[in-house]
Amino acid sequence: MPADQSLPSRARLWPPVLGRAVVALAFGAITVFWGQPTTAGAAWLMAPYLVLLLAGEVWLVRSERPAPERVSALFGLVPYAVAAVAGVVIVVAPSDAMVGGAGAAALALVGISDVVRGVLSRRSPGGGASPLARDLLIGGVVNLGAGILLPFFAAVGPHALLGVAGGAAIVTGVLLAIAGLSLRHDSAGEARVA
């Protein structure tokens, strides 16, 4: 029986998922090993992270289907684009309050986007769920939680802000790395069967 053609191919999904995992793990690793970050340094680290998350999301949405559902694409791209703009705002006016506030909004938007896309992908046409549905839900909850917590750490300083954002990045990076490697393994099995 042929696979549901409306569902994304695992062979197309694993590269963008692993790409986003690498971005998240690199950001998380820098936040762990940077002992005394300045506020400007935290801003300059957070901004490219948010922009690279947008790039990864664009890649993932384009890989999902030949023509992704409009609602899924909008919930995937618009919040990530607003988060990337928040990253630019953080760099333009770096302060602990700005990194905490705009960073919180950005991470919350990314989290909400992933949760909504995870729910939507569980109800794919044809009754099948996307292989990323559960990973998007979990990653979304982690980023949303980090977004909620981040403003409470603004008074503590940039090290704490990067710790919260970096902790969420490490959790989602590990989750996405496992998902990407699993998709890669499964796509090799699909190729052998076909």
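Residues numbered from 1 in each chain as written. Predicted model: local features only at pLDDT ≥ 70, side-chain atom pairs only at ≥ 80, totals over all residues. Heavy atoms only, no water.

## Examining the packing of aromatic side chains
Across all of its chains, the model carries one aromatic pair by this definition. Measuring from ring centre to ring centre gives 4.0 Å for Phe27 and Tyr49, while their planes differ by 10°; the resulting arrangement is stacked. Of this pair, Phe27 sits in helix H1 (residues 10-33) while Tyr49 sits in helix H2 (residues 39-64), and the two are 22 residues apart along the sequence. Residue Phe27 is classed as buried on the basis of its relative accessible area of 3%. (Phe/Tyr/Trp six-rings, centres within 6.5 Å; stacked < 30°, edge-to-face > 60°. Helix = DSSP H or I, 4+ residues; strand = E, 2+ residues; numbered from the N terminus. Buried < 20%, exposed > 50% of the residue type's maximum accessible area, 1.4 Å probe, protein only.)

## Here's the deal with the confidence of the model for the protein chain
On average, residues of the protein chain score 87 in pLDDT, and 86% of them are at 70 or above. Per-element averaging of pLDDT across the protein chain places helix H6 (residues 158-193) at the bottom with 88 and helix H5 (residues 133-149) at the top with 95. Contacts from residues 1-7, a stretch scored under 50 in pLDDT, to residues over four places away or in other chains number eight contacts. (pLDDT = per-residue confidence, 0-100. Contact = heavy atoms within 4.5 Å.)

## Some details on the pattern of salt bridges
If charged atoms from side chains of opposite charge come close, those side chains can pair. In total, this model carries three salt bridges according to the counting rule given. Put simply, Glu57 and Arg20 hold a salt bridge, and the shortest N to O gap is 3.7 Å. Of this pair, Glu57 sits in helix H2 while Arg20 sits in helix H1, and the two are 37 residues apart along the sequence. By relative accessible area, which is 0% here, Glu57 ends up buried. The class for Arg20 is buried, based on a relative accessible area of 8%. Glu57 is the salt-bridge partner of Arg117, the closest N and O atoms lying 2.5 Å from each other. Here Glu57 lies in helix H2 and Arg117 lies in helix H4 (residues 96-122), a separation of 60 residues in the sequence. By relative accessible area, Arg117 is classed as buried at 1%. Residues participating in the shared-partner salt-bridge network are Arg20, Glu57, Asp114 and Arg117. (Salt bridge = Lys/Arg side-chain N within 4 Å of Asp/Glu carboxyl O.)

## Overview of the packing of H2 against H4
H4 packs onto H2 with a crossing angle of 15° between their chain directions and a minimal axis gap of 10 Å. Regarding the angle of H2 to H4, the classification is roughly parallel. Pair H2 / H4 crosses with left-handed handedness. In this structure, H2 uses Thr39, Ala43, Met46, Tyr49, Leu50, Glu57, Leu60, Val61 and Glu64 to contact H4, whose residues at the interface are Asp96, Val99, Gly103, Ala106, Leu107, Asp114 and Arg117. Here the residues of the contact of H2 with H4 are counted per class, giving nine nonpolar, two polar and five charged. (Axes fitted to C-alpha atoms, helices over the stretch in contact; angles between N-to-C directions. Parallel < 35°, antiparallel > 145°, perpendicular 65-115°, else oblique. Left-handed = near helix turned anticlockwise from the far one by under 90°. Nonpolar A, V, L, I, M, F, W, Y, C, P; charged D, E, K, R; others polar.)

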